[in-house]
Amino acid sequence: CALPIWKFIHQTVSCCSLGVLLSLTTAAQAPAQQGLREVTVTEIPGVVAAGAKWELAWQGTDNADGMVGTPDGGLIFAQEQPNRVSKLDKDNKVSVYLDNPHGPGALSIDSKGRILAVERTCTDPGRHPENCKEATAISVLASKGGAKPVPDRKVLADNIDGNSLGRINDLVVSKKGHIYFTSEGVFFLPSGGKVSSFGDNLRTNGIMLSRDEKTLYVTNRNTVAAFDIPADGAPKNQREFGKLEGGGTGDGMAIDAEGRLYVTSQPGVQVFSAEGKYLGLIPTPRAVISVAFSGPDKKTLYVVGAGALGPDGKEFKTPEGVRNNAKTIFKLAMQAQGFKGRAK
């Protein structure tokens, strides 16, 4: 589910929230199949209990991606095609959080509480990107988040040495204000500085920092690469951190309070210890692309899955030749707690 620059982005439009528990009973260790599937969650000690049930929190037909938990136990998610950021509260109620944010694809919240995004502008490959004139960018969307965000857009970077940043995938922001993001490769934007690239032979998508921000993780096909982060923030010492033993390719990532890494993939969320040991797969009702901890005490795991049910209760489909952008957000009660030292 990761492509260079023109990432295959799964999309959705707002539809009413559905607070129903799914009955998920059979294993899903094989590569993802199209549509909703039944799964059984098995125990990963200290992470999730056996038999934990996924709850359907939201679904729609026009994108949900790049989400991040908010301090009130909700989360915000990017909706590129309808050009907005939406918010899902802890009770599964959805609302528009920010309007007209230039095609947001992924979100983060920095140590100042500002909302940041990768802006894909008009580069959706289903919308003739060869005619796109607006540069993609890393931008601040709001100077203050919370219940009432304060829109205050500021472009932090829209090029690297005069060249396009491409169709940007994901980003993460350190406490020092350094930004790390992925497009066709992986990039570093120091606080107040200019964009530079780093890493070799990477096909990237998701990106995440360790709790102490001394290690940067990047998905690379069916593996996760790691870099050391020295005092100046510039990554070095590329190496393999772990392999997705559950199958598929990596997309979005999250970390928990113990430093464990959670990686979305077609079969589900694959979990690694802080040392890179593969701990297991949390199978999901759909192939998943984004993951975040939120909810009360940050002990709820949220994922975005590809596809959704339509108003008739059947799998939403589009006419031949039209991209199906439907998405579903699920949530799961966890034993693990999300990392509280940083929003993402």
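Please refer to the structure higher up on the page.
The structure reproduced in this document is the subject of the present report. (Residues numbered from 1 in each chain as written. Predicted model: local features only at pLDDT ≥ 70, side-chain atom pairs only at ≥ 80, totals over all residues. Heavy atoms only, no water.)

**Observations regarding the state of the cysteines**
No. 1: Considering all chains together, one arrives at one disulfide under this definition.
No. 2: For C122, the disulfide goes to C132, at an S-S distance of 2.0 Å. Judged by the torsion about the S-S bond (75°), the C122/C132 disulfide is right-handed. Note that C122 is positioned in the loop between β8 (115-119) and β9 (137-144) and C132 in the loop between β8 and β9, a separation of 10 residues in sequence.
No. 3: For C122, a relative accessible area of 32% corresponds to the partly exposed category. (Disulfide = S-S within 2.5 Å. Helix = DSSP H or I, 4+ residues; strand = E, 2+ residues; numbered from the N terminus. Buried < 20%, exposed > 50% of the residue type's maximum accessible area, 1.4 Å probe, protein only.)

**Remarks on the pattern of salt bridges**
No. 1: One pass over the full model with this rule turns up 13 salt bridges.
No. 2: Measuring nitrogen to oxygen at the nearest pair gives 2.7 Å for the salt bridge that ties R153 to E119. Here R153, found in strand β10 (residues 150-157), pairs with E119, found in strand β8; they are 34 residues apart in sequence, far enough to count as distant.
No. 3: Residue classification places E119 among the buried residues on the basis of a relative accessible area of 0%.
No. 4: The partner of D124 in a salt bridge is R323, and the shortest N-O contact between them spans 2.4 Å. Taken together, the residues span a long stretch of sequence, with D124 in the loop between β8 and β9 and R323 in the loop between β24 (300-306) and β25 (327-333) at a distance of 199 residues.
No. 5: Residue class for D124 comes out buried when judged on its relative accessible area of 5%. (Salt bridge = Lys/Arg side-chain N within 4 Å of Asp/Glu carboxyl O.)

**Notes on the pairing of strand β3 (residues 65-69)**
No. 1: Most of β3 sits inside the fold, with five of its five residues counted as buried.
No. 2: Across three bridges, β3 lies against strand β4 (residues 75-79) in antiparallel orientation. Looking at β4, one finds that G69 is bridged to L75.
No. 3: The hairpin formed by β3 and β4 contains five residues between the paired strands, and G73 there has a positive phi angle of roughly 90°. (Pairing = 2+ DSSP bridges.)

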